Every structure is written in C-alpha cells, then in structure tokens.
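# Working through the structure, step by step
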Amino acid sequence: MTASALILLPAGLVLLVTGAELLVRGASRLAAALGIPQLVIGLTVVAYGTSAPEFAVSVRSALAGQADLALGNVVGSNIFNVLVILGISALATPLVVSRRVVRLDVPIMVAASLLLLLLAMDGGIGRGEGTLLLAGIAGYTLFLLRWQGNDETDTAGPAERPVPARTPAVLRQGTIAAVGLVLLVIGSRWLVAGATAIADAWGISDLVIGLTVVAAGTSLPELATSVVATIRGQRDIAVGNVVGSNIFNILAVLGASALVAPAALRVAPAALAFDVPVMIGVAVACMPILFRTHRIGRWQGALFLGWFAAYTIHLVMHAANPPVLPAFRTVMAVLVLPLTAVTLLAEVSRRRSPG
C-alpha cells in the first residue's frame, strides 16, 4: 500500500463534501435566479453533472473494449443510487417527494430500466440501440425544460419564488455550481483511486473492485449531493438528483458507450440474469411507497440499506464462488424478492384503504 493511496482517500472525501455543498448552493440559487423550479434543476443540471464520473468511466471502458466494466458501472451505480443514497437520505430526514416525481419521473426511470433489459436480451447493445438511448435522454431533457412551469403540485421543501433573472447573479451562481461539479468529479476520482490501491494491497480481486469500488465510487457525487441537499432542506434536489441520475446513466451513459464501443456493447449473461433485474426491482420498489404517501420514511430507508447489504454480499460471494453461493442465491430469490413484493402490496393496500 503506497502513501499516495492513504492521501488520496481522505482528500477525495473532502473534495466530495466541499463540491457537493457548492453544487447544491449554486444550483438552488441559480434556479431561483432563473425562475426554474428546484426539482427541474435537480433532475437535469445536478443529476447529469453528478453522473459525469459514470459517463467518463463507462465511455473510457467501452473504448478499451471492457464492456463488463462499462455496463456494470451503470447498473451498480443505479442500484447504489436508489438503495444507499435514498436510504441514507431518508434516515437523516424523511423525504417528502414532489407529486411530479411520483407520477412522471419515477415511472420514466422504471421504463428506462425495462428498456435496457429489452435491448440487452440478445446479449449486446449495438450502435443503433445506443442512438435510441441517446434520443431518449434528449427527448426527456427537452420535455423537462418545456414543462418546467407546469408542476403546481410540489410538496417538497421550501418554495423558491421565481424572480427576474439578473445576469451577474446567474453568472455567479453558475460559477459556484460549476466549481462544485469540478470538485465532485476530482474528488470521486481520487477516492476511487485511493480505495482501489488499498483494495489491491489487501489482495481483493479486480472483479470485486469493479463491482463495488468503481460503481459506488462513481456514485459518491450523487451521495454527497443528495445528503447535503437533504440536510439543507432542499429535498427536491435530493430526490431529483437520484432519479435524474439513474435515467441519465441508462439513456446517456450506456447510449454513448454503445456508440463508441469497437463492437456491440456486450452484456454478460450473469448481469442479464441477476444484476439488471435487481436494478429494475429497486426502481419498481420506489413506486408504491411514493404513490401512497409521497414520502420515503426512515423505515423504508433502513429497508433499502438492508437490501443493498444483501446485494453486496452476493457480489462478494459471486467473485469468490464459494460452494454456498447457489444456496445464497436461492435465499435471495425466495426471501428478498418476495419481501419486496409483500412490501409493494402492503403499500398499495394501505393507499386504497379508507382514511
């Protein structure tokens, strides 16, 4: 283990927290200066910006012919975003979610996840399918910008009343947000580099590092930004950041990766059989919870974190391939997935019950 690894790890964490604070502050004030709802800023500027590490890692991996890393980074990051980021944010402060996110953006996140499964069924994502994904993110962004003023049912966070845009204020807050984004990207790279070096020194396999450190590391900007936004009471940005990042990861990151890959972006059978369905499952799990109360409480946050712990254990066991792996998969199939289904049904029944 080198001394540089021990320096990069804490330095990266400091940059992440500082960058998240600047990005949230600049983006929220930029929204007020431009008269744009915080939710739209969270779904676009903040979400897309904090997904820059995923974009860089996956596109670079696709160019190098490392399709497993490109796809695994996106799928792992999306799972991390929902289970860990929303889980930790909800534990810190229960999240009251905008009705618009519940009725539109979360279903779009689920639809994008299902589209990925459909496109990957033949074992790869080609350039034509990559173009389709990029067209999807372009259409989604234009839709958000066009309908930004139509969300009259926001329930989350203190309202920011639109004010006439002033060029100095716009430039100042835009610069603050941009500096925060740069610090986030640099901080995530340093933290991943330090963690990877330490993991190598401890003899952890490259596969486990890729599935855990890289996916979680590139999601650290989203984690830092959402937690800071939650603490500051700007929950539209916190939730919009997660949902928008997941949509961006599938449509933009995988779309661009498929376009630059030397051949079709290969989808490993193991990912198609387990990891992609898990990504879809955690996205679907959000819907009944949010549709009933428009909030994610502390117990749901704890449940999300428990699911992520089970998923991480599976990743480690899959890499080590112990004899008990088939039994563990069976437990996941007969316990975790039914638990998810029961949770969904319970939330739906409560929503339908009178009072």
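Residues numbered from 1 in each chain as written. Predicted model: local features only at pLDDT ≥ 70, side-chain atom pairs only at ≥ 80, totals over all residues. Heavy atoms only, no water.

## Concerning the pattern of salt bridges
For the coordinates displayed, the defined rule picks out one salt bridge. Here Asp68 and Arg266 are joined by a salt bridge, their closest N and O atoms 2.8 Å apart. In this pair, Asp68 is assigned in helix α4 (residues 67–92) and Arg266 in strand β3 (residues 265–266), connecting sequence segments 198 residues apart. (Salt bridge = Lys/Arg side-chain N within 4 Å of Asp/Glu carboxyl O. Helix = DSSP H or I, 4+ residues; strand = E, 2+ residues; numbered from the N terminus.)

## As for the side chain of Glu222
Mapped onto the secondary structure, Glu222 falls in helix α9 (residues 220–231). Dropping the residues within four chain positions of it, Glu222 is found in contact with Thr50, Ser51, Glu54, Asn81, Ile85, Asn241 and Ser245. (Contact = heavy atoms within 4.5 Å.)

## Focus: helix α7 (residues 167–201)
The terminal C-alpha atoms of α7, which comprises 35 residues, lie 51 Å apart, in line with the 51 Å expected from a rise of 1.5 Å per residue. Following α7 by one or two positions, Gly203 has its phi on the positive side, about 80 degrees. (Expected span 1.5 Å × (residues − 1).)

## Re a nonpolar patch on the surface
Together, Leu63, Leu259 and Val260 make up a nonpolar patch on the protein surface, roughly 230 Å² of accessible area in all. Judged by its relative accessible area of 32%, Val260 is partly exposed. (Patch = residues over 30% accessible without salt bridge, like charges linked within 9 Å, V, L, I, M, F, W, Y side chains within 5 Å. Areas by Shrake-Rupley, 256 points an atom, 1.4 Å probe, with all protein chains shown as cover. Buried < 20%, exposed > 50% of the residue type's maximum accessible area, 1.4 Å probe, protein only.)

## Topic: the packing of helix α3 (residues 52–63) against helix α10 (residues 235–260)
Interhelical geometry of α3 versus α10 gives an angle of 25 degrees and a closest axis separation of 8 Å. Here α10 runs roughly parallel to α3, going by the angle between their axes. As α3 runs across α10, the sense of the crossing is right-handed. Within the contact between the two elements, α3 uses Glu54, Phe55, Ser58, Val59, Ala62 and Leu63 and α10 uses Phe248, Asn249, Ala252, Val253, Ala256, Ser257 and Val260. (Axes fitted to C-alpha atoms, helices over the stretch in contact; angles between N-to-C directions. Parallel < 35°, antiparallel > 145°, perpendicular 65-115°, else oblique. Left-handed = near helix turned anticlockwise from the far one by under 90°.)

## Focus on the environment of Leu23
Within the fold, Leu23 resides in helix α1 (residues 3–34). Its relative accessible area of 2% is what places Leu23 among the buried residues. In the structure, Leu23 is positioned 161 residues away from Leu184 in sequence and 8.6 Å away in space, judged by C-alpha atoms. With near-sequence residues (within four places) excluded, Leu23 lies in contact with Val46, Thr50, Ala177, Gly180, Leu181, Leu184 and Thr225.

## Brief notes about the confidence of the model for the protein
On average, residues of the protein carry a pLDDT of 79, and 82% of them reach 70 or more. When the elements of the protein are averaged for pLDDT, helix α13 (residues 325–352) gives the smallest value, 63, and strand β2 (residues 124–125) the largest, 92. Residue range residues 151–163 is modelled with pLDDT below 50. Its contacts to residues more than four positions away, or to other chains, number 28 contacts. (pLDDT = per-residue confidence, 0-100.)

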